[in-house]
Amino acid sequence: MRDPSKNFEDLVVWRKAHQFVLAVYRLTQSFPRSEIYSLYSQFRRKAVSIAANIAEGFKKHGIADKLRILNNAEGFLEE
């Protein structure tokens, strides 16, 4: 049995989301300059939002708030 996470950085899902952010940043570096304000920017914002929502959801104490925020992270992933 695993010990409870003490902070969001202990969460496997957050670590995977963070790795995804780094991968998206590496990938988008090779995009043409003409995409800097469209796909480039959108990919980066959505990737960061996934990890940020997981971190925010970790600190919420109410289950309804926690689920709403984690659902947002899932929505950003789907986008």
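Right above here is the structure, for reference.
Computed from a prediction, not measured in an experiment: that's the story for all the values here.

Quick look at the overall build of the protein now. Check the secondary structure of the protein and you find 3 helices and 0 strands. Ordering the α and β elements of the protein from the N terminus gives α-α-α. If one aligns the C-alpha atoms of the protein with their principal axes, the spans along those axes are about 45 × 25 × 15 Å. Residues counted as buried form 22% of the 79 residues belonging to the protein. Partitioning the contacts of the protein with sequence separation of at least 6, the portion at a separation of at least 24 is 42%. Carbon and sulfur atoms form 57% of the exposed surface of the protein, whose accessible area is close to 6000 Å². Separation of charge centres in the protein, based on 13 positive and 9 negative side chains, amounts to 4 Å.

What follows covers the environment of Gln29. Its location among the elements puts Gln29 in the loop between helix 1 (12-28) and helix 2 (39-59). Relative accessible area serves as the criterion here: at 62%, Gln29 is assigned to the exposed category. Each C-alpha atom of the pair Gln29 and Lys66 lies 33 Å from the other, and the pair is 37 residues apart in sequence.

For Asn53, the position within the fold is in helix 2. In this structure Asn53 comes out as buried when scored by relative accessible area, which is 10%. Within the structure, Asn53 has its side chain in polar contact with the backbone oxygen of Ser49 (distance 2.8 Å).

Bringing the nonpolar core into the picture now. Counting 10 residues, the largest nonpolar core consists of Trp14, Ala17, Val21, Val24, Ala47, Ile50, Ala51, Ile54, Ala55 and Ala73. Mapped by element, the contributors of at least two residues to this core are helix 1 and helix 2. In terms of residue count, the dominant contributor to this core is helix 2 (5 residues). Ignoring anything within four residues of it in the chain, the contact list for Trp14 reads Phe8, Glu9, Ala51, Ile54 and Ala55.

Rules behind the numbers
- Residues numbered from 1 in each chain as written.
- Predicted model: local features only at pLDDT ≥ 70, side-chain atom pairs only at ≥ 80, totals over all residues.
- Heavy atoms only, no water.
- Helix = DSSP H or I, 4+ residues; strand = E, 2+ residues; numbered from the N terminus.
- Buried < 20%, exposed > 50% of the residue type's maximum accessible area, 1.4 Å probe, protein only.
- Contact = heavy atoms within 4.5 Å.
- Areas by Shrake-Rupley, 256 points an atom, 1.4 Å probe, with all protein chains shown as cover.
- Lys, Arg positive; Asp, Glu negative; His and termini not counted.
- Charge placed at Lys NZ, Arg CZ, Asp CG, Glu CD.
- Polar contact = N/O pair within 3.5 Å; in protein donor to acceptor, adjacent residues only side chain to side chain.
- Core = buried A, V, L, I, M, F, W, Y, C linked by side-chain atoms within 4.5 Å.

Keep in mind that these numbers describe shape and distance, not what the molecule does.
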